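Tertiary structure, described
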Amino acid sequence: MHLTVWTYEGPPHVGAMRIATAMRGLHYVLHAPQGDTYADLLFTMIERRNRRPPVTYTTFQARDLGGDTADLFQTACSDAYERFKPQAMIVGASCTGELIQDDPAGLARALGLPIPVIPLELPSYQKKENWGASETFYQLVRALAGPHAPQPGSIRAPRRAGEPARCNILGPAAVGFRHRDDLLAVSHILERMGVEIHVVAPWEATPADLTTLGEADFNIVLYPEIAGQAAQWLKRSFSQPMVTTVPIGVGATRDFIVEVARCAGIDPAPFLAEQPGRLPWYSRSVDSTYLTGKRVFIFGDATHALAAARICKEELGFDVVGLGTYSREFARDIRQMATRLGLEALITDDYLEVEAKIAELQPELVLGSQMERHIAKRLRIPCAVISAPVHVQDFPARYAPQMGFDGADVIFDTWVHPLMMGLEEHLLGMFRDDFEFHDGAGSSHLGHGSHAPSRERATGPVAVAAAAAEADLAVAEWPAGEPVWAAEAEKELKKIPFFVRGKARRNTEAFARERSIRTITVETLYDAKAHFGR
């Protein structure tokens, strides 16, 4: 296990916590040592929840290992039931608690509590957080809805005439990327379509709600990483169709509406004719030519990475140069999308591999998780967060969905602004020596005198050496036989906008290699520009 480095996902019991915290009337008893008790930190500080997560720990310590830790677990279960009076309880062990092998399932069953107790077998050393969330939700659905399933082979009763279609929305959970706002956006779409929402789960659902899941006409899977397995079971057990299109982006939202309409037995045309937002309008405007062909690297969970690749390619005209995920369970889907884009997918949970790939590709925009935001910041590349894992700043107080037409506009702002702000930064740098920006300027364009103390600009050999030290690659770091950038050429290169600087560097070096030029000068830079600009 990665104990000393960043990880994209926690152990599977964190996924179970996400399900328990999203629901009401459910309690999670976790056999874990004192060091594993971080649920409060995860949900109240990161997600800024206004209530504590429903998790009780045994919190055994080293001195307890010589005694009866099984008794500690049973006491914790009994106390949790008496204090919280949940409708149902899930029990399991953390990665450390798993090593003790106390059998939480058998111990909880022996207590004979008057509520459903669902044991969780979450192999902490083979699986991770999203798998844990999926498995937990699946076990809950199967245990609570299962007794109400019809006999195999029975035919589902048709909906009565005039009765609106009912659906379940499956997948939104705690500490999910914009799950709260996505749910609102999707609910608005369904409301306009006249589709009734029967149960949303696990978000704000109770165990009693889960027992009625089979009463809906179909299921909508918003986050396959969490709800895909449970929805497949509901389809087999209750003959419920499932909507699998995730409505992230204008095109996907239109496809989602068509799929929902098919399941609900209604005409999608009136809803497709609605105003889809600003993104399509901007994509058709002359200003959008600034975005065309921007080189983008995408990495995150499978759902958001796939959606981002489609939006980049079909709706914004970006050039996707890298695509990957840490969700190994969905590696096939990512590889298929990468193949369509002419790429090799990056499937890894090692952020250092992702960083190396970004540094190699030198994209003009990174779309990723909190990890990629840090990586891009170090590499001075614009970045937008599109996926968990996320930080507190990605749980905004405002309405900021990713799904639906509203979400498409939020995505457009989130992705385009880093590029626009990067352009502004470049222009400020370009004109830093202009009289209006210089510290010693006598007056501004408003006509007011400047009283800022003047600073004499450094010149001469010391300044040239400093400029060379600030270069993107020091001369000493260059491999043998590779062309070396002169300090003046490096300085001139930095005048090129950051969003094409990487391409200019690569082209110039290729130009120098072809002509056996050892030192790249300003003249070489502009010769290369003229050559590739033909």
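To be clear, the structure that these remarks concern was listed above.
About the cut-offs
- Residues numbered from 1 in each chain as written.
- Predicted model: local features only at pLDDT ≥ 70, side-chain atom pairs only at ≥ 80, totals over all residues.
- Heavy atoms only, no water.
- Helix = DSSP H or I, 4+ residues; strand = E, 2+ residues; numbered from the N terminus.
- Buried < 20%, exposed > 50% of the residue type's maximum accessible area, 1.4 Å probe, protein only.
- Contact = heavy atoms within 4.5 Å.
- Areas by Shrake-Rupley, 256 points an atom, 1.4 Å probe, with all protein chains shown as cover.
- Axes fitted to C-alpha atoms, helices over the stretch in contact; angles between N-to-C directions.
- Parallel < 35°, antiparallel > 145°, perpendicular 65-115°, else oblique.
- Left-handed = near helix turned anticlockwise from the far one by under 90°.
- Nonpolar A, V, L, I, M, F, W, Y, C, P; charged D, E, K, R; others polar.
- Polar contact = N/O pair within 3.5 Å; in protein donor to acceptor, adjacent residues only side chain to side chain.
- Pairing = 2+ DSSP bridges.
- Right-handed = clockwise from strand over helix to strand, strands pointing away.
- 1 Å grid on protein atoms, 1.4 Å probe; cavity = no way out; pocket = protein on both sides within 12 Å on 5 of 7 lines; lining within 4 Å.
- Points joined across faces, edges and corners; volume = space filled by probe spheres on them.

With that out of the way, let us pick up the overall build of the chain. In terms of helices and strands, the chain carries 20 helices and 15 strands. Burial status across the chain gives 51% buried among its 534 residues. Across the chain, the fraction of contacts at a sequence separation of at least 24, relative to all contacts at a separation of at least 6, is 70%. Summed over its atoms, the accessible surface of the chain is roughly 25900 Å², and 53% of this surface lies on carbon and sulfur atoms.

Axis separation between helix H1 (residues 12–22) and helix H5 (residues 129–145) bottoms out at 6 Å; the angle between their running directions is 50°. In terms of their interaxial angle, H1 and H5 are classed as oblique. Taken as a pair, H1 and H5 cross one another with a handedness that is right-handed. Where H1 abuts H5, its residues Pro 12, Val 14, Gly 15, Ala 16, Arg 18 and Ile 19 lie against Glu 129, Asn 130, Trp 131, Gly 132, Ala 133, Thr 136, Phe 137 and Leu 140. Along the lines of polarity and charge, the residues of the contact of H1 with H5 split into eight nonpolar, four polar and two charged.

All right, on to the side chain of Thr 348 then. Within the fold, Thr 348 resides in the loop between strand E11 (346–347) and helix H14 (351–361). Separated by 3.4 Å, the side chains of Thr 348 and Glu 353 make a polar contact. Once residues within four sequence positions are removed from consideration, Thr 348 is found in contact with Phe 299, Thr 325, Tyr 326, Arg 328, Glu 353 and Val 354.

The five strands lie next to each other as E11-E10-E9-E12-E13, forming an open sheet whose pairing is parallel. On the outer flanks of this sheet lie E11 and strand E13 (383–385), each paired with one strand and no other. In the sheet, strand E12 (residues 365–368) pairs with E13 via three bridges, with the strands oriented parallel. Looking at E13, one finds that Val 366 is bridged to Cys 383. Of the strands in this sheet, strand E10 (319–325) and E11 touch helix H13 (residues 331–340), which is tilted by about 165° from E10. Here H14 sits on the sheet and contacts strand E9 (295–300), E10, E11 and E12; the angle it forms with E9, its principal contact strand, is near 175°.

Attention shifts here to the environment of Pro 172. Residue position: Pro 172 is located in the loop between strand E5 (166–170) and helix H6 (179–193). The class for Pro 172 is buried, based on a relative accessible area of 0%. Here the alpha-carbon distance between Pro 172 and Arg 18, two residues 154 residues apart in the chain, equals 9.8 Å.

Think of a sheet as strands paired side by side through backbone hydrogen bonds, with each pair either parallel or antiparallel. Taking strand neighbours across the sheet as the criterion, the four strands line up as E2-E1-E3-E4 in an open arrangement whose pairing is parallel. Whereas interior strands pair on both sides, the edge strands pair on one side only; in this sheet they are strand E2 (55–57) and strand E4 (117–119). Going across the sheet, the axis of each strand differs from the next one's by a mean of 25°, ignoring polarity. Note that strand E1 (residues 26–31) and E2 share three bridges and pair parallel. Residue pairing in the sheet places Val 29 in a bridge with Thr 56 of E2.

A few words now on helix H15 (residues 370–379). Taken together, the buried positions of H15 are Gln 370, Met 371, Glu 372, Ile 375 and Ala 376. Backbone geometry just after H15 places Arg 380 at a positive phi near 60°.

This part takes up the pairing of E5. Each regular strand shows side chains that alternate between the opposite faces of the sheet. Within E5, four of the five residues are buried, leaving the element largely enclosed by the surrounding structure. Bridging between E5 and strand E6 (residues 196–201) involves five bridges; their strand directions are parallel. Counterpart to Asn 168 in the pairing with E6 is Val 199. For the handedness criterion, the β-α-β arrangement of E5, H6 and E6 is classed as right-handed. Where E5 meets strand E7 (residues 218–221), four bridges bridge the pair, whose relative direction is parallel. Looking across to E7, one finds that Ile 169 is bridged to Ile 220.

Now for the packing of H1 against helix H2 (residues 39–46). H2 packs onto H1 with a crossing angle of 55° between their chain directions and a minimal axis gap of 11 Å. By the angle between their axes, H1 is oblique relative to H2. When you trace H1 past H2, the crossing you get is right-handed. Mapping the contact onto sequence places Val 14, Met 17, Arg 18 and Thr 21 in H1 and Ala 39, Leu 42 and Phe 43 in H2. Residue classes in the contact of H1 with H2 are distributed as five nonpolar, one polar and one charged.

According to the stated counting rule, one finds two cavities of 30 Å³ or more in the structure shown. If you add up the space inside the largest cavity, you get close to 40 Å³. What lines the largest cavity is Ile 248, His 304, Ala 307, Ala 308, Ile 386, Gln 402 and Trp 415. Of all the elements, helix H12 (residues 302–316) adds the most residues to the lining of the largest cavity, at three residues. Residues of the lining of the largest cavity, tallied by class, amount to five nonpolar, two polar and no charged. Size it by volume and the second largest cavity reaches roughly 30 Å³. Around the second largest cavity, the lining residues are Ile 189, Arg 192, Met 193, Ile 257, Phe 271 and Glu 274. It is H6 that contributes the most residues to the lining of the second largest cavity, three residues altogether. A per-class count over the lining of the second largest cavity returns four nonpolar, no polar and two charged.

Interpretation in functional terms is not warranted from these geometric data alone.
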